[in-house]
Amino acid sequence: MEFTLEKTSGNARACTIKTAHSTIQTPVFMPVGTIGSVKALDMADMEELLGAQIILANTYHMYLRPGDDVVAKMGKLHGFTTYPKSFLTDSGGFQAFSLSDISKPMKDGIEFRSHIDGSKHFFTPQKVIDIQLNLGSDIMMILDDLVALPATQERIAISIERTTEWAKQSIEYFREKQSQGIGCEQNIFAIIQGGTDKAFRTKSATELCALPYDGFAIGGLSVGELNNEMYDTVEHTVQYMPQDKPRYLMGVGTPEDLIENIERGVDMFDCVMPTRNARNGTLFTSFGKINIKGAKFKLDDAPVDSECECLTCKRYSRAYLNHLFRAREITYFRLATIHNLHYYLNLMKQAREAILADRYAEFKKEFYEKRQNNKEQ
């Protein structure tokens, strides 16, 4: 991985990340393709319509189905999916959190039962890396111990102790594999934990950032805390993260969350929000979000967003999308998802341009002013 910090505007950063498969300009939003597919879209949509340079796939889900061994035999993620750009794979730690009724974090790893067939499995730091070596992702995340908030001080302390110990095991194991010629084009990120407690975040970040990782993520946020608590935690944590490596905030979030956390120095984001909300009828626009199933859109001949250049907005009206949604027509899911992802990806391009022009503060102000005027909703 080659990483270049090109420009700052306040604490906001414009960077370039070069992997074996693509050049990624930051700030960047990574569409979520949990099982090797972004819901409702195909890889031609991702590459040609949306121009995404990196998407996220999930280790837990790909391990269970179709199996990481199957993916490896089919040319790894790039060959199997035909997506030629970069992949980041999550470690499975979030699934242990989100599927807590069928999983149990332990000292040496995470025990869980498959949500598909109930079979029992055990993820260790080493096993998670082996799976991701089979998947062939450009960026792999290590196993971490994520806890919901609020949580007791004792539980958060256990979380960061486990996460640090697993991180040490992970980097040692991965570098050993690379010395054997395995995974040489892959990169590995550690995940900082600690809830919203600044002392815990300091401890976790200091310990992890001393290890020879290619990049670092802030995990364990957007899991029940208030927005201002998330922002304060990110602002505190980034000061302990290296300037010369990527900074990734996991699982966040709304357009407002992205704008706020770019301002605090974050480079990379992912979230299911644009794709999931599209399927449920919520579309993001330059002026805020709209619920396209509303009766007021039945005769609305305007595009979803007058400032958007996506295929959906250039060709179709709100009235048509309202009709497709109400009819539960499959076409709706594709058109809505294209729009929402285009909105997110374009917002990142606009943020980058503002940073390069050293006017991020003005850009952020304009972003919020459009929402306050709310002229199109």
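Quick caveat, the model's predicted, so the values are computed rather than measured.

Novice: Help me understand the pattern of salt bridges in this model?
Specialist: One side chain can pair with another of opposite charge once the charged atoms of both are near each other. Tallied over the entire structure, the rule returns 16 salt bridges. For the salt bridge of Glu256 with Arg371, the shortest nitrogen-to-oxygen distance reads 2.8 Å. One end of the pair, Glu256, is in helix H10 (residues 255-263); the other, Arg371, is in helix H15 (residues 360-373), with 115 residues separating them in the sequence. Take Glu256: its relative accessible area is 25%, and that puts it in the partly exposed class. Overall, the relative accessible area of 13% leaves Arg371 in the buried class. Arg264 is the partner of Glu260 in a salt bridge, and the nearest nitrogen-oxygen pair spans 2.9 Å.

Novice: Honestly, helix H9 (residues 227-238) in this entry has me stumped. Any pointers?
Specialist: Residues lying three or four places apart along an α-helix face the same way, a consequence of the helix completing one turn every 3.6 residues. When the terminal C-alpha atoms of H9 are compared, their 17 Å separation across 12 residues agrees well with the 16 Å that a helix rising 1.5 Å per residue should span. Tucked inside the fold, the buried residues of H9 contact strand S11 (187-192), helix H8 (198-208), strand S12 (215-218), strand S13 (247-249) and H10.

Novice: Help me out: how do you make sense of the sheet that holds S12 in this one?
Specialist: The 8 strands are arranged S4-S14-S13-S12-S11-S10-S6-S5 in an open sheet whose pairing can be described as parallel. Only two strands of the sheet have a single neighbouring strand rather than two, namely strand S4 (28-30) and strand S5 (54-58). Taken pair by pair, the neighbouring strands of this sheet meet at an average axis angle of 25°, ignoring direction. Sheet analysis places S4 next to strand S14 (residues 268-270), joined by 3 bridges and oriented parallel.

Novice: Please clarify how the nonpolar core should be interpreted in this entry.
Specialist: Burial of nonpolar side chains together is a common tendency in soluble globular proteins. Formed by 89 residues in total, the largest nonpolar core has its most connected members in Phe29, Met46, Tyr213, Leu249, Tyr332 and Tyr360. With 14 residues, the single largest contributor to this core is helix H14 (residues 330-356). Residues contacting Phe29, with those up to four places away along its chain left out, are Leu258, Phe269, Asp270, Cys271, Pro274, Leu341, Tyr344, Leu345 and Met348. Ranked by size, the runner-up nonpolar core spans 18 residues in total, among them Cys15, Val28, Leu56 and Ile139.

Novice: How do you make sense of unusual backbone geometry when you look at a structure like this?
Specialist: As a rule of thumb, non-glycine residues mostly have phi less than zero, and peptide bonds are mostly trans rather than cis. Cis geometry marks the peptide bond from Thr26 to Pro27; its omega dihedral reads 5°. Checked against the element boundaries, Pro27 lands in the loop between strand S3 (23-25) and S4. Its identity is not glycine, yet Lys76 carries a phi of approximately 60°, on the positive side. Residue classification places Lys76 among the partly exposed residues on the basis of a relative accessible area of 34%. Backbone geometry at Arg328 places phi at a positive 55°, although glycine is not the residue there. We classify Arg328 as partly exposed; its relative accessible area is 48%.

Novice: What should I look at first to understand the layout of surface pockets in this one?
Specialist: If you roll a probe as big as a water molecule over the atoms, it shows you where there is empty space left. Put simply, the largest pocket is a space of about 760 Å³. Around the largest pocket, the lining is made up of 35 residues, and of these Val32, Phe94, Asp270, Val272 and Arg276 lie nearest the centre. Secondary structure elements with two or more residues in the lining of the largest pocket: S5, helix H5 (93-98) and helix H11 (273-280). The dominant element in the lining of the largest pocket, judged by the number of residues it contributes, is H11, at 5 residues. Here the second largest pocket defines a volume of roughly 300 Å³. What lines the second largest pocket is a set of 17 residues, and nearest its centre among them are Gln25, Pro27, Gln53, Leu345 and Lys349. Only S3, S4 and H14 provide two or more residues apiece to the lining of the second largest pocket. The element best represented in the lining of the second largest pocket is H14, accounting for 6 residues. A class-by-class count of the residues in the lining of the second largest pocket yields 10 nonpolar, 4 polar and 3 charged.

About the criteria used
Residues numbered from 1 in each chain as written. Predicted model: local features only at pLDDT ≥ 70, side-chain atom pairs only at ≥ 80, totals over all residues. Heavy atoms only, no water. Salt bridge = Lys/Arg side-chain N within 4 Å of Asp/Glu carboxyl O. Helix = DSSP H or I, 4+ residues; strand = E, 2+ residues; numbered from the N terminus. Buried < 20%, exposed > 50% of the residue type's maximum accessible area, 1.4 Å probe, protein only. Expected span 1.5 Å × (residues − 1). Contact = heavy atoms within 4.5 Å. Pairing = 2+ DSSP bridges. Axes fitted to C-alpha atoms, helices over the stretch in contact; angles between N-to-C directions. Core = buried A, V, L, I, M, F, W, Y, C linked by side-chain atoms within 4.5 Å. 1 Å grid on protein atoms, 1.4 Å probe; cavity = no way out; pocket = protein on both sides within 12 Å on 5 of 7 lines; lining within 4 Å. Points joined across faces, edges and corners; volume = space filled by probe spheres on them. Nonpolar A, V, L, I, M, F, W, Y, C, P; charged D, E, K, R; others polar.

Geometric descriptors of this kind do not, in isolation, establish any biological role.
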